[in-house]
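# Per-entry structural report
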Amino acid sequence: MMPRRFIPLLCWLAAWAAGLAVIVQSRYTADMSAFLPSKPTAQEQVLVDQLRDGLISRLLLVGIDGGDASTRAALSRALAARLRHNPAFVSVNNGESNPAQPDETLLFQYRYLLSPETTPQAFSEAGLHRAISSSIDQLASPMGGSLKALFPADPTGTLLQLLGTMANGTQPHKVDGVWAAKDMSRALLLLQTRAAGTDTDGQQAALTAVQDAFAEAQRQLTPQQTRADSSASTHGPTSVRPTTLVISGTAVFAVQSRSTIRGAVERVSWIGGVLIVVLLLLVYRSISVLLLGLLPVLTGVVAGITAVSLGFGVVQGITLGFGTTLIGEAVDYSIYLFVQSGQQNATARRDWLQRFWPTIRLGMLTSVVGFATLLLSDFPGLAQLGAYSIAGLLAAALVTRFVLPLLLPANFAVRDLRRTGQALRQGVAHLRRARWAVVLLALAAIIVIARHRDDVWNTRLSALSPISASSLALNAELRSQLGAPDAVDLVTVHAPHLDAALAAAERISPHLQELQTQGVIAGFDSPARYLPSQAAQRARQQALPDAPQLQGRLDAALKNLPVQPSVLAPFVRDVAAARHLPLLTRADLAHTSFAMALDGLLLHPPTGGWVALMPLRAPVNGSIDETRVQAALAGTGAQVINLGAASTRLYDGYLHTAAWLSLAGIAAIALLLLIALRSPRRTARVLAPLLAAVLVVVAGLLLAGVQLTLLHLVGMMLIVAVGSNYALFFNRSQQEGDGPEPTTLASLLFANLTTVAGFGPLLLSGVPVLQALGATVAPGALLALLFSAMLSAPDRPSEAGHNPP
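For clarity, every value in this text was computed on a predicted model and none was experimentally measured. (Residues numbered from 1 in each chain as written. Predicted model: local features only at pLDDT ≥ 70, side-chain atom pairs only at ≥ 80, totals over all residues. Heavy atoms only, no water.)

Along its length, the chain carries 32 helices and 13 strands. In the chain, once contacts between residues fewer than 6 apart in sequence are set aside, the share between residues at least 24 apart is 81%. As displayed, the chain offers around 34,500 Å² of accessible surface, 61% of which is attributable to carbon and sulfur atoms. (Helix = DSSP H or I, 4+ residues; strand = E, 2+ residues; numbered from the N terminus. Contact = heavy atoms within 4.5 Å. Areas by Shrake-Rupley, 256 points an atom, 1.4 Å probe, with all protein chains shown as cover.)

Structure, rendered in structure tokens:
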């Protein structure tokens, strides 16, 4: 029969096996969706949907630089031709006519059902005369050649008007039949991916497809084009650069963020791990002791990932990056065991468990209680950090308490650190004489924070993003050149079903048109432009006269015009056919490029119903007066949403939530300490150095020009959670009356250094959320230990000369 003392070891091995099985099957992601609320408000839902799955999240903005104009145009056509056959893309647009997409055929067939100009007045004698006269005038213009073929079937110019309405004034300039920047230095393409904004793997595959297709197009350039480029590049001022591809868009940002976060996590994990290993080797001078000391850490990491995977279904990269810093605290437990107990025999271990384990356990529980408040957050990112930390610290502490002693060989010992501890004890005695400095620093920090109170927090959601300024600048440049959707101001209207949402958009359009006339807005878009409601289409069909009526009105309208009625026979035939067309549906647009525009203006929330989005364009060199827009739409059931303001409110709510949770965590820690220590004075003595450390760190960041973000808040709570171990050990020693023992001081110093080594490398991560943790916790942990020593009570006079072993 197996001895009962080996049961913890078997349970530990079984937990490891189960945890590894879960980790292998877990799903990992590195997008920023963890920082979006799981239960958003109605306005937040629009923002969240746009970020996760809206049109903006699916667009790729592509530019071809270098070469000459003809080479860029040829590459644009070759690239578009390859991508149109790739199922990863819903739409590929570069400005050229594309027979493979039945846009023009569909528009021409349904032009009268799509056009808001299809009214009884438009098909009256006067209306026909006016429209045909205008078309005849255009035939004499420079565009007349392209209009001549359309005139017999569309003498009223309905198709051209419709195209102008759908283009919405945002079509890019064209060179050699394809889109180009106005200065003609870049060919442009606009792609819509099939993958949703949160499908980073799908977006990565789409980006790779674009890059591969461009490389293939370059290889397939004709020898004449290649020679032309080479000739241009070697003849004076006409030389041109080799052609290159630039891509931007939300999808690119998602892929870049994942790559940046993944690289940062790997980098800081290696740096932190190496630093901790080197430090422990310097202390232990034994590989076997080092490996045993890392077992609680590794167990904590496995437990943390397993808990997050089981609790949330997906593990965020930010959580992993944060979790690697768990090493900095979890390794402390084995340091306390090895250094404080000295000789690892049964007697020494029992003595350590009796004298020191209660303090370590209380310190661990303060951390767990603090992190437990994060589980209450509506934001998955915070909740994951809480779950990871709680599971990891509990597992590490339990392994240190029940498993690690079983694995230590008989008479196992570590290097004697009492001499180091004696030096530290003398240093602590000197530090106590300067305890007034802690009070002064805390007061100075409060003054600094008060003076910076108006700019303490960075309230931009972009503060959490690892995207570089150059990438954002390229995105803005390409959007400006392409006229791509980048709506900041939106009008939204909710409806129970799709057709009702389209009808609501139609009811709101006249109000927006009036605002456009007044100059309040420069224009707007509407899903009803691409798919009118069923009622609107029926009304337009009813406005069309039958063939005999139309022919009679047409004969009268053509008097005094240089057109014979027989020339317009195709027009009469098409109008008659339009009267009996089946109404246009969303499915009919599925294989056209207009599906991209329509889908970008409709949302189908998980809660049900449909939302029509109507982006507003701001006047040139101006902004939209939202108050006037709201007043114009009063009583229509529409909402006016500024996505920039919505993201700010979202992040403000995030900060507000995190602040209250952090305060609740600190309050919970204080309550736990009060219950455990049974003394308000002792509790205050434990908390004072920790809160002073938080104040000084915050003031230091503000003086360095750093605005605080959400993760700085989490870092502040970490200072309290980690630093509580140091303050508790000083408090325990004071209760025993002889001050901290040399081995205790040595263990605290080395535990503190491992914490700094774990969090410090986050400053090199390049990811703002991880850098915030590093900049807060690394100096905060040092200050927590230093202030705990400075504010500790002097040794009892009778014991002042006693140096316990």
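Don't stop here, the text continues.
As a further point, take the side chain of Thr-359. The topology assignment puts Thr-359 in helix H17 (residues 357-372). Owing to a relative accessible area of 10%, Thr-359 belongs among the buried residues under this scheme. With sequence-adjacent residues up to four places away left out, Thr-359 is seen in contact with Leu-728, Phe-729 and Arg-732. (Buried < 20%, exposed > 50% of the residue type's maximum accessible area, 1.4 Å probe, protein only.)

Next up on the list: unusual backbone geometry. Despite not being glycine, Asp-176 has its phi angle at roughly 55°, a positive value. One can find Asp-176 in the loop between strand E4 (173-175) and strand E5 (178-180). Given the relative accessible area of 46%, Asp-176 is considered partly exposed. Phi at Asn-560 takes a positive value of approximately 70°, unusual for a residue other than glycine. Relative to the elements of secondary structure, Asn-560 occurs in the loop between helix H24 (547-557) and helix H25 (569-578). Classification of Asn-560 as exposed rests on a relative accessible area of 81%.

This brings us to the packing of aromatic side chains. Per the counting criterion, the structure on display carries 6 aromatic pairs. The interplanar angle of 75° and the centroid separation of 5.5 Å between the aromatic rings of Tyr-284 and Phe-338 together place this pair among those described as edge-to-face. Of the two residues, Tyr-284 is situated in helix H12 (residues 250-284) and Phe-338 in helix H15 (residues 326-341); the sequence distance between them amounts to 54 residues. By relative accessible area, Phe-338 is classed as buried at 0%. We note Arg-111 situated over the ring of Phe-108; from NZ or CZ to the ring centre the distance is 3.9 Å. Seen from the ring of Phe-402, Arg-401 lies directly overhead, with NZ or CZ sitting 4.4 Å from the centre. (Phe/Tyr/Trp six-rings, centres within 6.5 Å; stacked < 30°, edge-to-face > 60°. Lys NZ or Arg CZ within 6 Å of the ring centre and 35° of its normal.)

Turning to helix H13 (residues 287-312), a few remarks are in order. Taking 1.5 Å of rise per residue, the 26 residues of H13 would be expected to cover 38 Å, and the 37 Å separating its terminal C-alpha atoms lies within 8% of that figure. Within H13, the axis deviates most sharply at Leu-295, by approximately 30°, and proline Pro-296 lies no more than four positions further along. A positive phi of about 80° marks Gly-313, the residue just after H13. (Expected span 1.5 Å × (residues − 1). Bend = angle between axes of the 7 residues up to and from the residue.)

Here the focus is helix H32 (residues 768-790). Each turn of an α-helix holds 3.6 residues, which means side chains three or four residues apart point in the same direction. An ideal rise of 1.5 Å per residue puts 33 Å on 23 residues; H32 measures up with 33 Å between its terminal C-alpha atoms. Taken across its 23 residues, H32 has 18 buried, putting it largely inside the fold.

This part is about the environment of Val-722. One can find Val-722 in helix H30 (residues 710-736). C-alpha of Val-722 to C-alpha of Ser-367: the two residues are 355 residues apart in sequence and 6.8 Å apart in space. Setting aside residues no more than four positions away along its own chain, Val-722 makes contact with Glu-329, Ser-367 and Thr-755.

Looking now at the pattern of salt bridges. Applying the stated criterion across every chain yields a total of 7 salt bridges. Across the pair Arg-186 and Asp-65 runs a salt bridge, and its minimum N-O distance is 2.6 Å. In this pair, Arg-186 sits in the loop between E5 and strand E6 (187-193) while Asp-65 sits in strand E2 (residues 59-65), placing the two residues 121 residues apart along the sequence. Comparing Arg-186 with Asp-65 shows no difference in burial state: the two are buried. What you see here is one network of salt bridges that share partners, running through Asp-65, Arg-186 and Glu-477. (Salt bridge = Lys/Arg side-chain N within 4 Å of Asp/Glu carboxyl O.)

All right, on to the packing of H13 against helix H18 (residues 380-407) then. Relative orientation of the contacting elements H13 and H18 amounts to 145°, with a least axis distance of 7 Å. As for how H13 packs across H18, the hand of that crossing is right-handed. Residues that form the contact of H13 with H18 fall into these classes: 19 nonpolar, 6 polar and no charged. (Axes fitted to C-alpha atoms, helices over the stretch in contact; angles between N-to-C directions. Left-handed = near helix turned anticlockwise from the far one by under 90°. Nonpolar A, V, L, I, M, F, W, Y, C, P; charged D, E, K, R; others polar.)

Of all the 7 residues making up strand E9 (residues 489-495), 6 are buried; the element is thus mostly covered by neighbouring parts of the structure. Where E9 lies against strand E13 (residues 639-642), 4 bridges are found, and the strand directions are antiparallel. What sits directly across from Leu-490, in E13, is Ile-641. (Pairing = 2+ DSSP bridges.)

What follows deals with the environment of Trp-12. When you line up the elements, Trp-12 lands in helix H1 (residues 7-25). The residues touching Trp-12, leaving out its near neighbours within four places in the chain, are Leu-295, Thr-299, Val-399, Val-403 and Leu-407.

On average, residues of the chain carry a pLDDT of 82, and 84% of them reach 70 or more. The weakest mean pLDDT in the chain belongs to helix H11 (residues 223-232) at 48; the strongest belongs to helix H23 (residues 534-543) at 96. pLDDT under 50 marks residues 798-805. Its contacts with residues more than four places away, or in other chains, come to 12 contacts. (pLDDT = per-residue confidence, 0-100.)

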